[in-house]
Amino acid sequence: MSELFDQTIAKVKQLSAEEQEQAAYALIDYLDSKDEFQLSDEQLAEISRRIADPDRTFVSYEETRRLLGLQD
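One structure accompanies this document, and this report is about it.

Cut-offs applied
Residues numbered from 1 in each chain as written. Predicted model: local features only at pLDDT ≥ 70, side-chain atom pairs only at ≥ 80, totals over all residues. Heavy atoms only, no water. Salt bridge = Lys/Arg side-chain N within 4 Å of Asp/Glu carboxyl O. Helix = DSSP H or I, 4+ residues; strand = E, 2+ residues; numbered from the N terminus. Buried < 20%, exposed > 50% of the residue type's maximum accessible area, 1.4 Å probe, protein only. Patch = residues over 30% accessible without salt bridge, like charges linked within 9 Å, V, L, I, M, F, W, Y side chains within 5 Å. Areas by Shrake-Rupley, 256 points an atom, 1.4 Å probe, with all protein chains shown as cover.

Description of the pattern of salt bridges
- Within this structure, the stated rule accounts for three salt bridges.
- Residues Glu-46 and Arg-50 are paired through a salt bridge, measuring 2.7 Å at the closest nitrogen-oxygen approach. In this pair, Glu-46 and Arg-50 both sit in helix H3 (residues 41-52), four residues apart, roughly one turn of the helix.
- Owing to a relative accessible area of 28%, Glu-46 belongs among the partly exposed residues under this scheme.
- Arg-50 gets classed as exposed once you look at its relative accessible area, which sits at 52%.

Here we look at a nonpolar patch on the surface
- A cluster of nonpolar side chains, namely Met-1, Phe-5, Leu-27, Tyr-30 and Leu-31, defines an oily patch on the protein surface of about 550 Å² accessible area.
- Of the residues forming the nonpolar patch, the biggest block, three residues, is contributed by helix H2 (residues 17-33).
- Relative to the elements of secondary structure, Met-1 occurs in the segment before helix H1 (3-13).
- Note on Met-1: relative accessible area 77%, which makes it exposed.

Here it is in structure tokens:
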């Protein structure tokens, strides 16, 4: 195990039984779904290209929510 993971487990062990269970479910959920969120090489290249663009534009949080149809 990595040192960071050992430290994480030590912190989880300090939690209540209920919180330990919640942490375990969160880790299992991450492990079960992590492959769904992998970017392809093409997607990574596109992200790098866009970040490197000196004339890139930014969208506010509110505008993003509006564009995605997530307005309150």
